[in-house]
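Here's the letter readout for the chains.
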Amino acid sequence: MTDIIFKPIGIIHSEHTVHENTPPIQGGIFNPSRGKVEVFEEFAEGLHDIESFSHLILLYHFDRATGKNLTQKPFLDGEKERGIFAIRHFNRPPNPPIGLSIVRLLDVHDNILEIEQVDILDGTPLIDIKPYVHQFDHREEVENGWVDNTHMDDIGAWNATPKGLRDKERTNREK
């Protein structure tokens, strides 16, 4: 096998500068924070017609991830370690960690995309953008594994940050 090398196509800008205070677990759905995607000029032509979509899928490099464990305690379940491929934690072995977020597209100005529902650290390298297409990306009858055992409805009312979700009284509650 040969090495796989990614070249960033842009930079994600957000109000989130401290990992502990950044919304986790696709936290943008619980947090309306805004940001911008700066697509490098050499790739700006690739944004043609993107303004017709309401949501985008951003693929990015977790450039500040620190670990490579195969098990990790997820933010929603601070008591039990789970396999890294059964959670959405940013520490991903063995490759450089890749993140995925769905954001709402608000506006497009040349090579700048204004977005909201941002759960990404400021300055994160952008690897790719894909339009969210409901007919392709939405699935019915989905099983959410161990996540079904959590109180998802409560998360929006909590301080949905890594620091906030470590409060043991707010995790591991059975329905």
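Residues numbered from 1 in each chain as written. Predicted model: local features only at pLDDT ≥ 70, side-chain atom pairs only at ≥ 80, totals over all residues. Heavy atoms only, no water.

K.L.:
Tell me about the pattern of salt bridges, residues and numbers included.
P.N.:
According to the stated counting rule, one finds four salt bridges in the structure shown. Among the salt bridges present, the one from Arg-104 reaches Glu-116, with a minimum N-O distance of 3.5 Å. With Arg-104 in strand 6 (residues 98-109) and Glu-116 in strand 7 (residues 112-116), this pair connects stretches of sequence that are twelve residues apart. For Arg-104, a relative accessible area of 31% corresponds to the partly exposed category. With a shortest N-O distance of 3.0 Å, Asp-128 and Lys-130 are connected by a salt bridge. In the salt-bridge network here, residues are joined through shared partners; they are Arg-34, Arg-104 and Glu-116. (Salt bridge = Lys/Arg side-chain N within 4 Å of Asp/Glu carboxyl O. Helix = DSSP H or I, 4+ residues; strand = E, 2+ residues; numbered from the N terminus. Buried < 20%, exposed > 50% of the residue type's maximum accessible area, 1.4 Å probe, protein only.)

K.L.:
Explain a nonpolar patch on the surface residue by residue, including any values.
P.N.:
Together, Ile-4, Phe-6 and Ile-98 give the surface a local cluster of nonpolar side chains, amounting to about 330 Å² of exposed area. Along the chain, Phe-6 falls in the segment before strand 1 (10-14). (Patch = residues over 30% accessible without salt bridge, like charges linked within 9 Å, V, L, I, M, F, W, Y side chains within 5 Å. Areas by Shrake-Rupley, 256 points an atom, 1.4 Å probe, with all protein chains shown as cover.)

K.L.:
Which residues make up the sheet that holds strand 3 (residues 55-61), and what values go with them?
P.N.:
A barrel is described by the order of its strands in space; here six strands give the closed sequence 1-2-7-6-3-8, paired in antiparallel fashion. Averaged over all neighbouring strand pairs, the angle between strand axes comes to 45°, with direction disregarded. Two strands pair when backbone bridges link them, and strand 3 and strand 8 (residues 124-131) are joined in this way by five bridges, in the antiparallel orientation. Paired with Leu-59 across the strands is Asp-128, a residue of strand 8. (Pairing = 2+ DSSP bridges. Axes fitted to C-alpha atoms, helices over the stretch in contact; angles between N-to-C directions.)

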